[in-house]
Amino acid sequence: MTTPSLIRRKLIEREAEGFLELGMPQKALENLDRLGGDENLGPHGLFLRGEALRELARHGEALPVLKKAAEGMPGVIEVLLSLAWCYKRTGRMDAAIESMEKALETEPRRALLHYNLACYLSLAGNKPQALAHLSRAFELESDYRTLVDSEPDFDPLRSDPDFQSLLGLGV
């Protein structure tokens, strides 16, 4: 890619990022479309395209774009989180769990990652691992306790005595 083309791509990607920050995912997509197809986007541009599609609830469309972004940006937590989000919403809980486990390899002390993995494991019916990761999220950042009541991903565990004990609810 020539220098002017590279500079143009970076500027368009930066504009798209701004549209996403403003909550305008459709405008971000339109902006990225100025570069042509996905083959003209760098890894960050692919991530932005995937994020825009994710925010528009076009999860199935977002997955291949985010996978390409992940190839160009291995171990980037935000890409792995977006992938997991889309996998969950397309019924691929196994892949969502795998994506979160990869993220934890990079940042094992990040409470958000443990919390999200606990959510996905709960939905997948893996109670022991769900409780272990939820407990770890609480250890790293106790504020996550306040989210559990309104999190439907934990519905499969709500009546479980071990889950209630972890939350300090007793049985």
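Structure's up top.
Residues numbered from 1 in each chain as written. Predicted model: local features only at pLDDT ≥ 70, side-chain atom pairs only at ≥ 80, totals over all residues. Heavy atoms only, no water.

Asker: I'd like a rundown of helix α3 (residues 43-55), residues and numbers included.
Answerer: At 3.6 residues per turn, the α-helix brings residues three or four places apart onto the same side. Here α3 is 13 residues long and its end C-alpha atoms lie 18 Å apart, about the 18 Å a rise of 1.5 Å per residue gives. Of all 13 residues in α3, 10 are buried, a share of seventy percent or more. G45, L46, F47, L48, R49, G50, E51, A52, L53 and R54 are the residues of α3 that are buried. Once α3 finishes, A57 follows within two positions and takes phi at roughly 60 degrees, a positive value. (Helix = DSSP H or I, 4+ residues; strand = E, 2+ residues; numbered from the N terminus. Expected span 1.5 Å × (residues − 1). Buried < 20%, exposed > 50% of the residue type's maximum accessible area, 1.4 Å probe, protein only.)

Asker: Can you tell me about the pattern of salt bridges, naming the residues and giving the values?
Answerer: Going through the model one piece at a time under the given rule, you end up with 14 salt bridges. Residue E13 pairs with R9 through a salt bridge whose shortest N-O separation is 3.4 Å. In this pair, E13 and R9 both sit in helix α1 (residues 3-21), four residues apart, roughly one turn of the helix. Salt-bridge contacts for R110 lead to E107; the nearest nitrogen and oxygen are separated by 3.7 Å. Looking at R110, the relative accessible area reads 25%, which means it is partly exposed. (Salt bridge = Lys/Arg side-chain N within 4 Å of Asp/Glu carboxyl O.)

Asker: Any chance you could break down the nonpolar core for me, citing the residues and the numbers?
Answerer: Considering soluble globular proteins, one finds that nonpolar side chains tend to be buried as a cluster. L83, Y115, Y120, L134, V148, F154 and F163 are the most contacted members of the largest nonpolar core, which has 55 residues in total. With residues near it in sequence (within four places) discarded, L83 still touches L63, L66, K67, A70 and S99. (Core = buried A, V, L, I, M, F, W, Y, C linked by side-chain atoms within 4.5 Å. Contact = heavy atoms within 4.5 Å.)

Asker: Tell me about unusual backbone geometry, and please be specific about residues and values.
Answerer: Located in the positive-phi region is A57, a residue other than glycine, with phi close to 60 degrees. Position of A57 relative to the elements: it lies in the loop between α3 and α4 (59-72).

Asker: Kindly report on the packing of aromatic side chains, identifying the contributing residues and their values.
Answerer: Throughout the structure, instances matching the rule amount to three aromatic pairs. Both rings, one in Y115 and one in Y144, keep their centres 5.1 Å apart while their planes meet at 35 degrees; by these two values the pair is tilted. Here the residue Y115 occupies a position in helix α7 (residues 111-123), and Y144 occupies one in the loop between α8 (127-140) and α9 (145-148), the gap between them amounting to 29 residues. Both residues of the pair, Y115 and Y144, count as buried. Relative to F154, the ring of Y115 lies with its centre 5.6 Å away and its plane at 75 degrees, an arrangement referred to as edge-to-face. Here Y115, found in helix α7, pairs with F154, found in the loop between α9 and α10 (161-166); they are 39 residues apart in sequence, far enough to count as distant. On the accessibility criterion, Y115 (4% relative accessible area) is buried. Ring pairs connect the aromatic residues Y115, Y144, F154 and F163, which therefore count as one cluster. (Phe/Tyr/Trp six-rings, centres within 6.5 Å; stacked < 30°, edge-to-face > 60°.)

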